[in-house]
Amino acid sequence: MSDINELGWRILREIEKDHKWREDNPKRFFAVLCDDLWRTTPDDEALDVFKIRATNAGWWASDVVDCVERVVAERPDWAAHTLQCSADLWLGRSAEEAPELYLDWLAERAVELRSVLDEVRRGPE
């Protein structure tokens, strides 16, 4: 097998391993992605960054969208607190007092992230 082919297989195995970790650890992955996407970046800039990453690492972007949509659908009890802490998000009341504010905010971001991912997958028109 050529060196380039072997490298390709190693990269694919790493992608699969990362994907499995993200599926097996949704709470931790959610905390990481909140920190990564929203801690220091305004929403509109976060979407621009996400679009660049979706273009260059579609497997990661797909996992992000899947995770965020799953959290929105399932509304686990840890999600609002994770948003407040990991994304450094403040919506006028604490996550403990008003988790719905945080989960509603996340639902809006989920729609935006899905839209960007779909746009990247379609490619230039």
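Just so we're clear, the structure is a prediction, and the values are computed from it rather than from any experiment. (Residues numbered from 1 in each chain as written. Predicted model: local features only at pLDDT ≥ 70, side-chain atom pairs only at ≥ 80, totals over all residues. Heavy atoms only, no water.)

A. Local environment of the overall build of the protein. In terms of regular secondary structure, the protein is built from six helices and zero strands. For the protein, the sequential pattern of α-helices and β-strands runs α-α-α-α-α-α. Over its C-alpha atoms, taken along the principal directions, the protein stretches across nearly 60 × 35 × 25 Å. Considering the protein as a whole, with its 125 residues, one finds that 37% of them fall into the buried category. Within the protein, residue pairs in contact and separated by at least 24 positions form 64% of the contacts whose partners lie at least 6 positions apart. Charged side chains of the protein number 17 positive and 28 negative; the gap between the two group centres comes to 4 Å. (Helix = DSSP H or I, 4+ residues; strand = E, 2+ residues; numbered from the N terminus. Buried < 20%, exposed > 50% of the residue type's maximum accessible area, 1.4 Å probe, protein only. Contact = heavy atoms within 4.5 Å. Lys, Arg positive; Asp, Glu negative; His and termini not counted. Charge placed at Lys NZ, Arg CZ, Asp CG, Glu CD.)

B. Layout of the nonpolar core. In terms of nonpolar packing, the biggest core is built from 34 residues, with Phe 30, Leu 33, Trp 38 and Phe 50 touching the most fellow members. Put simply, the parts of the chain that give this core at least two residues each are helix 2 (26-38), helix 3 (43-56), helix 4 (58-74), helix 5 (79-86) and helix 6 (99-122). In this structure, Trp 38 is in contact with Leu 33, Asp 43, Ala 46, Ala 87, Trp 105, Leu 106, Arg 109 and Leu 113, ignoring residues within four places of it in sequence. (Core = buried A, V, L, I, M, F, W, Y, C linked by side-chain atoms within 4.5 Å.)

C. Highlighting the packing of aromatic side chains. A full pass over the atoms with the stated rule returns three aromatic pairs. Ring plane angle 45 degrees and centroid distance 6.0 Å describe the contact between Phe 50 and Trp 60, whose orientation is recorded as tilted. Here Phe 50, found in helix 3, pairs with Trp 60, found in helix 4; they are 10 residues apart in sequence, far enough to count as distant. Neither residue differs from the other here; Phe 50 and Trp 60 are each classed as buried. In this structure, Arg 22 packs its charged tip against the face of Phe 29, placed 5.6 Å from the ring centre. (Phe/Tyr/Trp six-rings, centres within 6.5 Å; stacked < 30°, edge-to-face > 60°. Lys NZ or Arg CZ within 6 Å of the ring centre and 35° of its normal.)

D. Region of interest: the packing of helix 5 against helix 6. Contact pair helix 5 / helix 6: the axes reach a minimum separation of 8 Å and the direction vectors enclose 75 degrees. As the angle between them shows, helix 5 and helix 6 are arranged roughly perpendicular. Residues Ala 79, Ala 80, Leu 83 and Gln 84 of helix 5 touch helix 6, and the partners they reach there are Pro 99, Tyr 102, Leu 103, Trp 105 and Leu 106. (Axes fitted to C-alpha atoms, helices over the stretch in contact; angles between N-to-C directions. Parallel < 35°, antiparallel > 145°, perpendicular 65-115°, else oblique.)

E. Structural detail: unusual backbone geometry. Positive phi, close to 50 degrees, is recorded for Arg 75, a residue that is not glycine. Considering the arrangement of structural elements, one finds Arg 75 in the loop between helix 4 and helix 5. We classify Arg 75 as partly exposed; its relative accessible area is 36%. In this structure, Asp 88 takes a positive phi of about 50 degrees despite not being glycine. Position of Asp 88 among the secondary structure elements: in the loop between helix 5 and helix 6.

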